[in-house]
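# Fold and geometry: a report
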Amino acid sequence: MTGSAFVIGATGQIGRAAVRALAEDGWEVRAASRGGGGEVEWPEGVRPVAVDREDTTALATALGEGCDVLLDCVAYGPEHARQLTGLADRIGSAVVVSSCSVYEDGRGRSLETDGEPGGAPVFPVPVAETQPVVAPGEGGYSARKVALERDLLAAEGRLPVTLLRAGAVHGPHSLRPRELYFVKRAVDRRPFRVLAYGGESRFHPVHASNLAEMVRLAARRPGSRVLNAGDPYAPTVAEIADAIGALLAHRAETYAVDGPPPAKNVGDTPWTTAHPFVLDMSAAERELGYRAVTGYEQSLPENAAWLVERLGARDWREAFPVLASTYDRFGDLFDYEAEDRWLAAGKPLAGPRGAN
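Within each chain, residue numbers correspond to sequence positions counted from 1 in written order. Whole-chain, interface and lining totals are the exception, using all residues; otherwise, since this is a predicted model, local features are given only for residues with pLDDT of at least 70 and side-chain atom pairs are given and counted only at 80 or more. Processing note: side-chain calculations cover all non-hydrogen atoms of the structure and skip hydrogens and water entirely.

## Side note on the sheet that holds strand β1 (residues 4-8)
The strand order β3-β2-β1-β4-β5-β6-β10 describes an open sheet built from seven strands, whose pairing is parallel. What marks the edges here is a single partner per strand, and that holds for β3 (47-50) and β10 (225-229). Each strand axis lies, on average, 20° off the axis of its neighbour in the sheet, ignoring direction. Following DSSP output, two strands are said to pair if at least two bridges run between them. Secondary structure follows DSSP: runs of H or I at least 4 residues long count as helices, runs of E at least 2 residues long count as strands, and numbering of each begins at the N terminus. The pairing of strand β5 (residues 91-99) with strand β6 (residues 161-166) spans six bridges and is parallel. Each bridged residue has a counterpart across the sheet, and for Val95 the counterpart in β6 is Thr162. Two residues form a contact once any of their heavy atoms are found within 4.5 Å. Between N-to-C directions, angles span 0 to 180 degrees; the directions come from axes that are lines fitted to C-alpha atoms, helices contributing only their stretch in contact. Helix-sheet contacts for helix α4 (residues 141-154) involve β5, β6 and β10, and the interaxial angle to β5 is about 160°.

Shown next as structure tokens:
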């Protein structure tokens, strides 16, 4: 049986996919967002709602008498946990999107501290939900996500909640599309690419439609649980580069460098990690009956087409301002001059891995 669903953050990448999945499954969906979602072509029967989720009074008004399941795609920190638990008497169960960045290794290192003194984190392959997490707090994205999880799970008796620790989310409508790293290089017809760690980095992705499928299943099976959310396969960064290159008919030589990025802004992709980060999906399969609805390469054509269209003839920072602001802190994603200097200096002594 299905009932009423209320989605917070409905116009985002995850929200759009989840609204569609719930609506197609028979739920009566209210799609809530700050702007109201007037620009979105919603499935038939979906009711868009304009509300700022930071305004608890407005959210309570929009929620009205309540819903059978509430999906929160943009919950971040203990204040949002308090907001949801304060409305628990109107919510049958909740599904809340968290992040795989909450995990830490046996030495207290996390994905968020990668690159800092102490070395890169080394996780078991795959990482299960029993893996330790960073300490909850206000000190950063991961710590705030853990605080969110802790406070929501503490309300188990009042509000059953499924927490989805999402991998690297991909698909259309992303504000921070990692795939642009290779899509733009294909559009620009860059003759070569540089990949650190031999191109073997793995950072587990999850397509928005796979997350939406987990939401759909969790809505039908209320409970308090934490589950990883990932695609059926975690490709290497070299496999991602080759797949995008093949899709966009772009042949480029790949220089797979042993070890870390050889120079600033050279070889450091949005998936680059010194050690693999792969999620264990067996709990989701066991508890929800989860089966992915798409795979990484299978989903690429739609995503790449969306990226190319949105990029158009614009500067990438104008087309993707959130992505630009995110990576400005770390370096330039498209510093072609730095790559050219590195190649001209004769650094790739191992030679190119080959062209796709």
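## Some points on helix α1 (residues 13-24)
Here the expected span of a helix is defined as 1.5 Å times the quantity of residues minus one. If you check α1, its first and last C-alpha atoms are 17 Å apart, about what 12 residues at 1.5 Å a residue would give, namely 16 Å. For α1, the buried fraction is high: nine of the 12 residues fall into the buried class. Burial status follows relative accessibility: with a 1.4 Å probe on protein chains alone, a residue under 20% of its type maximum counts as buried, one over 50% as exposed, and anything between as partly exposed. What α1 keeps buried is the set Gln13, Ile14, Gly15, Ala17, Ala18, Val19, Ala21, Leu22 and Ala23. Tucked into the core, α1 has its buried residues touching β1, β2 (28-33), β4 (67-72), β5, β7 (168-170) and α6 (208-220). Positive backbone phi, at 100°, marks Gly26, one or two positions downstream of α1.

## So, the packing of aromatic side chains
Two rings belonging to Phe, Tyr or Trp (six-membered ring only in the last case) form a pair when the distance between their centres is within 6.5 Å. Interplanar angles under 30 degrees mark stacking, angles over 60 mark edge-to-face geometry, and anything in between is tilted. Enumeration according to the criterion identifies 11 aromatic pairs in this entry. Ring centres of Tyr181 and Phe182 lie 5.0 Å apart, and the angle between their planes is 90°; on these two criteria the pair is classed as edge-to-face. Exposure remark for Tyr181: the relative accessible area of 3% places this residue in the buried category. By relative accessible area, Phe182 is classed as buried at 3%. Look at Trp306 and Phe320: their rings are 6.1 Å apart centre to centre, the planes differ by 65°, and that puts the pair in the edge-to-face class. Here Trp306, found in helix α9 (residues 296-311), pairs with Phe320, found in the loop between α10 (316-319) and α11 (321-327); they are 14 residues apart in sequence, far enough to count as distant. For Phe320, a relative accessible area of 1% gives the class buried. Grouped by ring-pair contacts, the aromatic residues Tyr181, Phe182, Trp271, Trp316, Phe334 and Tyr336 constitute a single cluster. The ring of Tyr76 carries Arg144 above its face, with NZ or CZ at 4.4 Å from the centroid. Criterion for a charge above a ring: Lys NZ or Arg CZ within 6 Å of the ring centre, and within 35 degrees of the ring normal.

## A closer look at the pairing of strand β8 (residues 192-195)
With burial as the criterion, each face of β8 is covered, one bearing Phe192 and Val194 and the other bearing Arg193 and Leu195. As defined by bridge partners, β8 adjoins strand β11 (residues 253-256) across four bridges and the pair is classed as parallel. Each bridged residue has a counterpart across the sheet, and for Val194 the counterpart in β11 is Tyr255.

## Points about the environment of Arg291
Tracing the backbone through its elements, the reader meets Arg291 in the loop between α8 (282-288) and α9. By relative accessible area, which is 54% here, Arg291 ends up exposed. Counting along the chain gives 23 residues from Arg291 to Arg314, while the straight-line C-alpha distance between them is 38 Å. Ignoring sequence-local partners within four residues, the contact set of Arg291 consists of Glu213 and Glu285.

## Thoughts on the layout of surface pockets
Only protein atoms enter the 1 Å grid used here. Points where a 1.4 Å probe fits but cannot escape make up a cavity, open sets with protein on both sides within 12 Å along at least five of seven lines make up a pocket, and a residue lines them when an atom lies within 4 Å of a point. Grid points are joined across faces, edges and corners, and a volume is the space filled by probe spheres set on the points. As a volume, the second largest pocket reaches approximately 560 Å³. Forming the boundary of the second largest pocket are 22 residues, of which Arg16, Ala17, Arg20, Ser209 and Glu302 lie nearest the centre. Broken down by secondary-structure element, the contributors of at least two residues to the lining of the second largest pocket are α1, α6 and α9. If you tally residues by element for the lining of the second largest pocket, the top one is α1, at six residues. Classes in brief: Ala, Val, Leu, Ile, Met, Phe, Trp, Tyr, Cys and Pro nonpolar; Asp, Glu, Lys and Arg charged; the others, Gly included, polar. By residue class, the composition of the lining of the second largest pocket is nine nonpolar, six polar and seven charged.

## Remarks on the nonpolar core
Note on terminology: a nonpolar core comprises buried Ala, Val, Leu, Ile, Met, Phe, Trp, Tyr and Cys residues joined through side-chain atoms within 4.5 Å. Core analysis: the biggest nonpolar cluster contains 40 residues, and Val29 and Met214 have the highest contact counts within it. Val29 has contacts with Ala5, Val7, Val19, Leu22, Ala23, Gly45, Val46 and Arg47, leaving out every residue within four places of it along the chain. Of all hydrophobic cores here, the second largest spans 39 residues; its members include Trp271, Leu307, Phe320 and Leu323.

## As for the side chain of Ser99
Following the sequence through the fold, Ser99 ends up in strand β5. Separated by 3.0 Å, the side chains of Ser99 and Ser101 make a polar contact. Among all residues touching Ser99, those that are not within four sequence positions of it are Tyr141, Lys145, Leu164, Arg165 and Ala166. Pairs of N or O atoms within 3.5 Å make up the polar contacts considered here, provided that, within protein, one atom can donate a hydrogen while the other can accept it, and that residues adjacent in sequence are counted only when both atoms are side-chain atoms.

Note that all results are geometric; they support no functional claim without further evidence.
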